[in-house]
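Each chain, letter by letter, is given below.
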2 protein chains.
Amino acid sequence: MKPFFKVKTVEEVLGLLERFQPLEAEEVELAGARGRVLAEDLQADEFVPDHDRSAMDGFAVRARDTFGAAETLPALFHLAGEVQMGLEPDFEIGPGQAARIWTGGMLPAGADAVVMIEYSRQVDETSVELSKPAAPWENVIRRGEDVKPGQVLLPAGLALRPQDLGLLAALGRSIVRVTRRPRAALISTGDEVIPITENPGPGRVRDVNTYSLGAMLEGFGAEVIRLGLIPDDPARLRAGVERGLALADLVIVSGGSSMGVRDFAVEVFSSFPGSEILVHGVAVSPGKPLIMAGLGNQSLWGLPGHAVSAMITADVFVRPLLDRLSGKTRLGKPWGRLVQAALARNVPSVHGRQDYIRVRLEQEGGGLKAHPILGKSGLVSTMVKADGLVCIGLNEEGRLAGSLAEVRLFDD
Amino acid sequence: MKPFFKVKTVEEVLGLLERFQPLEAEEVELAGARGRVLAEDLQADEFVPDHDRSAMDGFAVRARDTFGAAETLPALFHLAGEVQMGLEPDFEIGPGQAARIWTGGMLPAGADAVVMIEYSRQVDETSVELSKPAAPWENVIRRGEDVKPGQVLLPAGLALRPQDLGLLAALGRSIVRVTRRPRAALISTGDEVIPITENPGPGRVRDVNTYSLGAMLEGFGAEVIRLGLIPDDPARLRAGVERGLALADLVIVSGGSSMGVRDFAVEVFSSFPGSEILVHGVAVSPGKPLIMAGLGNQSLWGLPGHAVSAMITADVFVRPLLDRLSGKTRLGKPWGRLVQAALARNVPSVHGRQDYIRVRLEQEGGGLKAHPILGKSGLVSTMVKADGLVCIGLNEEGRLAGSLAEVRLFDD
């Protein structure tokens, strides 16, 4: 009988990931930077806007001249001109004067407020009545109100959202320094696994993991290099892993979950100079046979072959590595990824391991209900039915129906 | 004074979107189908797996032969052979016989269970002791246990997740029929707006919306065609919109929020044969000056120029259109996109319009707190600080501090 693994806990494995460093920075065009991770703080070097501008269509005035104006007692103003969009007005606003101005127009010198067009009545070519008082700077976006020089606006480690790109655009940053996207090479193994374009005869199954894991890793922000299928043969696996190491920051081998094959995966991973086996088994179900080796800043991963186990270990262990490599120090906000739900039935678990239970969510009454999905970890259809995972901790022996659990949602 | 708009409510505008039909289907390779929307139900046409297979490393046996086996009283089996991965075993399991089998190996005829290797002790070349009984079909994935022919596994209208691709792979669907991605052409207008690579002199600002809206629409699943900046000139705007119509399913013009410019956007939109102005103003803040026209299955959108208003109207109105065009009938599940949070302060609102309030979320105690972000809709920095939006309904006059509100999260 083969020896049992010396298994590690989830926390221990996540701790081991700290040896891996963020990848180098690179420059990308702003329009393509969505989701990329800022490699340095964005500090503003100018005022946005660069001048006081109107937030409304209306009339630029000296606020004090409008005080007391009312529908029943409009104030009369002399029209000093009209502000042309995109130009600096070539006139000033003196006492009792107003200028027609549009949203975004530059405030003329002398003016300190805008009265909305809705409260105006043009009397003749040269005069207008305004029926509402304006407080100083009302309906004006002041110079630097959006951004002032010296402010740190976006921190290094932030994954850029559309509004962050908008802010970068406002500051004229057409090129952004971001951390390079991690590259993950993906290999499926197993003599019983065939390409999806073939028909499985007796004893064979199609290669699921190249597609499910590949898409998952892309969702985590990696560039995925699909190296395809390699049979259970140490020399050929070594050649495949070597190719992966030449192309990628991490090489993920899924399959070969059986003990014999696992053993030669460890052998193959160990055979690269400088390689160190860091993980050989984890106290996690499904996913126990996980293997991980480090080679400098590169890593080699042996994931279980079962579709469900492979996806869960990728989510629990590979995702945090990809976050690290891509420099994400602002790990996003947990709401939206974690939700609370009441368990719809008792969930047994085994003391001494972390169980990831697939659950389907349903809105029931005021809250969410989590229905555990039963089924072996070889059944990809169980993941299709699931909305997320509930984790039962190492020191728990299960959860009771009705108790609240935190559900870790799958990405869309 | 110009006439006020005849504004529509959010519900009315969303109702108008029902005239637009999903785009045609196209075929894509499975590896590139993440996030794409299935154009037809996926119905299984075969068994997955195609044969009974082992879910564990161990020994294939007849379950009944293990009954009564225990650590203190192991049952002795004669080794009939070893199952080779990927091959149909060329032997059968008779009474008292066992075969070595690995995870994923095909169950030999006669066997109906697998005893895990952990409960075995090999006695000699030809015999093994098993110290645990197995129920019939224990540790076996049965033929069709994952998928049976005729089952509808994935419904048309589903946006494909990694596990869905895995299921498609298991069924050998290397090519998938999905709805074509909507193409959105994006135009920024305004004489005061300049390309981001230029320095704004007095009166000018850089083009934010090409970047913030562009990234947002990509996040909604659209292919974005950035047509750049067009000055406030009807003939040039018409030429730009015409070009957009030749390239895209929808043309989005942002900017020109001032009344005069808005009026010529309506004129330009109306000038295309068959075009019909469907929306001219909405009871929404920010975002009131929204314009929308339909031309067959294409649409023209006039979004406000202010960065915040443009993003909010894109989220509230353009996103549902893109969902429709891309054929999403399974609109995903609301958890993850909507969260409950307590308002950190009173939020005033105006009766008769729907207010979208930017909020920053914070975990406080057991729940989330939503801090309203103040600031004009011209300030993109306010969106950078926000995590999502709270909508105050048409018939509400605000919300009190401490009351629970639904927060619509921004995408990462």
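One can find the structure itself at the top, above this paragraph.
Residues numbered from 1 in each chain as written. Chains lettered and ligands numbered in written order. Predicted model: local features only at pLDDT ≥ 70, side-chain atom pairs only at ≥ 80, totals over all residues. Heavy atoms only, no water.

(A) Up close: the sheet that holds strand E16 (residues 223-230) of chain B. Residue and element names in this part refer to chain B. Within the open sheet, the 6 strands sit side by side as E16-E13-E17-E21-E20-E18. Their pairing is mixed. A strand with exactly one partner marks an edge of an open sheet, and here the two such strands are E16 and strand E18 (276-280). Along the sheet, successive strands turn relative to each other by an average axial angle of 15°, direction set aside. Of the pairings in the sheet, the one linking strand E20 (residues 291-295) to strand E21 (residues 298-303) comprises 5 bridges and is antiparallel in character. Residue pairing in the sheet places Ala 293 in a bridge with Leu 300 of E21. Packing of helix H4 (residues 234-247) onto the sheet brings it into contact with strand E13 (183-189), E16, strand E17 (250-254), E20 and E21, and relative to E16 it is tilted by some 170°. Across the sheet, helix H6 (residues 307-325) is in contact with E17 and E21; its angle to E21 comes to roughly 170°. (Pairing = 2+ DSSP bridges. Helix = DSSP H or I, 4+ residues; strand = E, 2+ residues; numbered from the N terminus. Axes fitted to C-alpha atoms, helices over the stretch in contact; angles between N-to-C directions. Contact = heavy atoms within 4.5 Å.)

(B) Inspection of the packing of helix H4 (residues 209-219) of chain A against helix H2 (residues 162-170) of chain B at higher detail. With their axes 7 Å apart at the nearest point, H4 of chain A and H2 of chain B run at an angle of 160° to one another. As the angle between them shows, H4 of chain A and H2 of chain B are arranged roughly antiparallel. Viewed along their axes, H4 of chain A and H2 of chain B form a crossing whose handedness is right-handed. In contact with Tyr 211, Ser 212, Ala 215 and Met 216 of chain A of H4 of chain A, H2 of chain B contributes Pro 162, Leu 165, Gly 166 and Ala 169 of chain B. Considered class by class, the residues forming the contact of H4 of chain A with H2 of chain B number 6 nonpolar, 2 polar and no charged. (Parallel < 35°, antiparallel > 145°, perpendicular 65-115°, else oblique. Left-handed = near helix turned anticlockwise from the far one by under 90°. Nonpolar A, V, L, I, M, F, W, Y, C, P; charged D, E, K, R; others polar.)

(C) Broad picture of the sheet that holds strand E5 (residues 75-82) of chain B. Residues and elements named next belong to chain B. The strand order across the open sheet formed by 6 strands is E7-E4-E6-E5-E9-E8, and the pairing between neighbours is mixed. At either end of the open sheet lies a strand with only one pairing partner, and these are strand E7 (113-116) and strand E8 (120-124). Averaged over all neighbouring strand pairs, the angle between strand axes comes to 40°, with direction disregarded. In this sheet, strand E6 (residues 97-101) lies alongside E5 in parallel orientation, the contact comprising 4 bridges. Residue pairing for E6: Leu 79 is matched across the bridge by Ala 98.

(D) Representation of the relation of the copies chain A and chain B in the model. Here chain A sits on chain B after a turn of 180° about the axis and a move of 0.0 Å along it, with an RMSD of 0.1 Å. Put plainly, the chains are arranged around a two-fold axis. Across chain A, the rotation axis passes nearest the C-alpha of Gly 336 of chain A, at a separation of 1.9 Å. (Least-squares fit on C-alpha atoms with pLDDT ≥ 70 in both.)

(E) Representation of the side chain of Asp 164 of chain B in the model. Relative to the helices and strands, Asp 164 of chain B resides in helix H2. If sequence neighbours within four positions are ignored, Asp 164 of chain B has contacts with Val 384 of chain A together with Leu 154, Leu 158 and Ala 159 of chain B.

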